[in-house]
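# Commentary on secondary and tertiary structure
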Amino acid sequence: MKADEAISIEQRLMASVYSKRPVVAVRGKGARIWDSEGREYIDCMGSYGVSIIGHCHPKLVEAICRQASELISCHGSLYNDKRSEFLEKLSRVTPKGVDRAFLGNSGAEAVECALKLARKYTGRKEIIAMMGAFHGKTMGALSATWDKKYRAPFEPLVPGIRHVPFGNLERLREAISPETAAVIVEPIQGEGGIKLPPEGYLKGVRDLCDEKGILLILDEIQTGLGRTGRMFACEHWSVVPDIMCIGKAIAGGIPMGVTVAKEEVMSALKRGEHTSTFGGNPLACAAASATLDIITGEGLPERASRLGPRLMEGLLALKERHNAIREVRGMGLMIGIEMKHDVYNVIMKSLEKGLLILDAGRNVLRFLPPLVIEEAQLDRAIGILDEAMGDVAGGETGGRVPDRAAEGI
Ligand SMILES: *Cc1c(COP(=O)(O)O)cnc(C)c1O
């Protein structure tokens, strides 16, 4: 199928909720993607952070193909070999004692489960989330998400969820009431613009939750599975949550979301209170099992912690050359570049030059490359970005930035 044809069909028949880049991606390998015209791109979008192990990792492809010919669907009311294998592997990498899992099919679902669980376990109604937070777009998750443009059109949302400034312990303390069930927080805010917590903040949140007898929910959907240089970002600060949400990369690109909790907490959910038809299906579990093997077997968290500083250094050198860069920040291979202007033109210019890169809000460029990306590919990505920024500053693309209100993830 020709690119034009694919584009026009999607434009005609698909809900237009995504801000599309004009690329028809047809094939991927490691950190590279090819479009229908055979053009090659370095993929620093990584499918919004999904492609931790790279595209079409041979061991993942093999696991999926093998399982597809064994058993694809198997409801949670039957036991399954691949599911139990995956659960055991998962329990070896999650924070100690946080190993009772609910298996769902997306990040937002992992958050839904966490919110219901917090209410059920504590018998209280209120949840405190953070300004700048992103937790997904289903009604419950959306209620914890901060951005008004995602929330406002769909009100009334789930009541009892309030937002406090990320990084401010005093404001959090003030917001806690006798009806507070839990605090939900991303260790590093992703969609919110790659915002790192101030030193001591997450530990402070943990202590405050303990002091007040409320649950700590960590949303590690974007920060988890090696992205920041540790298996889960909370390890950087030695913080153990009561409930943790995992998604994006967990099944290597096959849809899956997982909510893990301490045994005592998860046991609050009784038979039938929270289930999913597809949740824990053998195909997704076989994929997730292979993905965990690859992440641990290839030392991908360590790789992210080694490559992160190299990327950071390259981007800081760009800051010396481009006045429009305000700040470069991040951890491991989760890095944001805050610009003084809208990043749309830089993204489009990079695309023309063979680099796929994300935004995180209007003025932040975001790198979420596969952790298997090669040094030379990272260097090339920095080179392309350098050129793109030069072109945009030189006014070559200038022009109007389209209305991005309908931006979607
Ligand atoms: C992507 C993301 C979600 C939502 O995941 P979906 O699979 O899109 O529902 C939730 N929280 C965080 C931190 C995310 O990055």
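Residues numbered from 1 in each chain as written. Predicted model: local features only at pLDDT ≥ 70, side-chain atom pairs only at ≥ 80, totals over all residues. Heavy atoms only, no water.

### A few points about the overall build of the protein
- Within the protein, the regular secondary structure consists of 14 helices and 15 strands.
- For a compact globule of 409 residues, the expected C-alpha radius of gyration is about 22 Å, and the protein comes in at 21 Å, within 12% of that figure.
- Burial analysis of the protein (409 residues in total) assigns 56% to the buried set.
- Of the accessible surface of the protein, which amounts to about 18000 Å², a share of 52% is contributed by carbon and sulfur atoms.
- Taken together, the 53 basic and 53 acidic charged side chains of the protein have centroids lying 2 Å from each other. (Helix = DSSP H or I, 4+ residues; strand = E, 2+ residues; numbered from the N terminus. Rg over C-alpha atoms; globule rule 2.2 N^0.38 Å. Buried < 20%, exposed > 50% of the residue type's maximum accessible area, 1.4 Å probe, protein only. Areas by Shrake-Rupley, 256 points an atom, 1.4 Å probe, with all protein chains shown as cover. Lys, Arg positive; Asp, Glu negative; His and termini not counted. Charge placed at Lys NZ, Arg CZ, Asp CG, Glu CD.)

### Overview of the environment of Glu264
- With respect to the helices and strands, the residue Glu264 is situated in helix H10 (residues 263-266).
- Overall, Glu264 belongs to the exposed group, its relative accessible area being 53%.
- Considered as a pair, Glu264 and Val240 are 24 residues apart in the sequence and their alpha carbons are 15 Å apart.

### Quick notes on the sheet that holds strand E4 (residues 98-104)
- Strand order in this open sheet of seven strands is E4-E10-E9-E8-E7-E5-E6, and the pairing throughout is mixed. Taken across any chain shown, the strands that pair with only one partner, and hence form the sheet edges, are E4 and strand E6 (161-164). The sheet shows a mean angle of 25° between the axes of neighbouring strands, direction not considered.
- Two strands pair when backbone bridges link them, and E4 and strand E10 (residues 257-262) are joined in this way by six bridges, in the antiparallel orientation. Paired with Ala101 across the two strands is Val260, which belongs to E10.
- Against the sheet, helix H4 (residues 81-93) touches E4, strand E9 (243-246) and E10, its axis set at about 135° to E4. (Pairing = 2+ DSSP bridges. Axes fitted to C-alpha atoms, helices over the stretch in contact; angles between N-to-C directions. Contact = heavy atoms within 4.5 Å.)

### Some remarks on the confidence of the model for the protein
- Overall, the predicted model of the protein reaches an average pLDDT of 96, with 97% of residues at or above 70.
- Low confidence marks residues 405-409, where pLDDT is under 50. Its contacts with residues over four positions away, or in another chain, come to 20 contacts. (pLDDT = per-residue confidence, 0-100.)

### Quick notes on the pattern of salt bridges
- Tallying each qualifying case throughout the model produces 27 salt bridges.
- Asp210 serves as the salt-bridge partner of Arg206, at 2.8 Å between the closest nitrogen and oxygen. Of this pair, Arg206 and Asp210 both sit in helix H9 (residues 201-212), separated by four residues, roughly a single helical turn.
- By relative accessible area, which is 48% here, Asp210 ends up partly exposed. (Salt bridge = Lys/Arg side-chain N within 4 Å of Asp/Glu carboxyl O.)

### Considerations on the packing of helix H13 (residues 344-352) against helix H14 (residues 375-393)
- Contact geometry of H13 with H14 gives a least axis separation of 9 Å together with a crossing angle of 125°. The angle between H13 and H14 falls in the class oblique. Our pair here, H13 against H14, has a crossing hand that is right-handed. Contact residues: H13 offers Asn345, Val346, Lys349 and Ser350, while H14 offers Ile384, Leu385, Ala388, Met389, Asp391 and Val392.
- Of the residues in the contact of H13 with H14, the class split is six nonpolar, two polar and two charged. (Parallel < 35°, antiparallel > 145°, perpendicular 65-115°, else oblique. Left-handed = near helix turned anticlockwise from the far one by under 90°. Nonpolar A, V, L, I, M, F, W, Y, C, P; charged D, E, K, R; others polar.)

### Some points on the site of the ligand
- Looking at the ligand, the residues that line it are Ser106, Gly107, Ala108, Phe134, His135, Gly136, Glu186, Asp219, Ile221, Gln222 and Lys248.
- At 2.7 Å from a nitrogen atom of the ligand is found a side-chain nitrogen or oxygen belonging to Asp219.
- Separating an oxygen atom of the ligand from a side-chain N or O atom of Lys248 is a distance of 2.5 Å.
- Coverage of the ligand by the protein chains reaches 85% of its 380 Å² of free accessible surface.
- Split by residue class, the shell around the ligand holds three nonpolar, five polar and three charged. (Near = heavy atom within 4 Å. Polar contact = N/O pair within 3.5 Å; in protein donor to acceptor, adjacent residues only side chain to side chain.)

### Some remarks on helix H3 (residues 58-68)
- The complete set of buried residues in H3 reads Leu60, Ala63 and Gln67. Considered in projection along H3, the buried side chains sweep an arc of 65° and stay on one side of the axis. (Arc of directions from axis to C-beta.)

### Here we look at the sheet that holds strand E13 (residues 355-356)
- The mixed open sheet is built from four strands, whose spatial order is E1-E2-E3-E13. In the strand order of this sheet, the two ends are held by strand E1 (25-29) and E13, each with one partner.
- In the sheet, strand E2 (residues 32-35) pairs with strand E3 (residues 40-43) via three bridges, with the strands oriented antiparallel. If you follow Ile33 over to E3, its bridge partner there is Tyr41.

### Quick word on a nonpolar patch on the surface
- The grouping of Met14, Val17 and Tyr18 at the surface amounts to a nonpolar patch, some 260 Å² of accessible area in total.
- Residue placement: Val17 occurs in the loop between helix H1 (3-13) and E1. (Patch = residues over 30% accessible without salt bridge, like charges linked within 9 Å, V, L, I, M, F, W, Y side chains within 5 Å.)

### Describing the pairing of E10
- Where burial is concerned, most of E10 is hidden: five out of the six residues are buried.
- Inspection of the sheet shows E9 paired to E10 by four bridges, in the antiparallel sense. Residue pairing in the sheet places Ile243 in a bridge with Ala261 of E10.

### With respect to the pairing of E2
- Relative to E2, E1 is paired through four bridges, and the arrangement is antiparallel. Bridged to Arg27 within E2 is Trp34.
- From the end of E1 to the start of E2, which pair antiparallel, there are two residues, and Gly30 there has a positive phi angle of about 55°.
- Between E2 and E3, which follow one another and run antiparallel, lie four residues, and Gly38 among them has a positive phi close to 85°.

### A few points about helix H5 (residues 107-122)
- Between its first and last C-alpha atoms H5 spans 23 Å; for 16 residues at 1.5 Å apiece the expected length is 22 Å, and the two agree.
- Among all positions in H5, only Gly107, Ala108, Ala110, Val111, Glu112, Cys113, Ala114, Leu115, Leu117, Ala118 and Thr122 are buried.
- Among the residues of H5, the N-terminal cap falls to Ser106, whose side-chain oxygen and the backbone nitrogen of Glu109 are separated by 3.2 Å.
- Two residues or fewer past H5, Gly123 is found with a positive phi of approximately 75°. (Expected span 1.5 Å × (residues − 1).)

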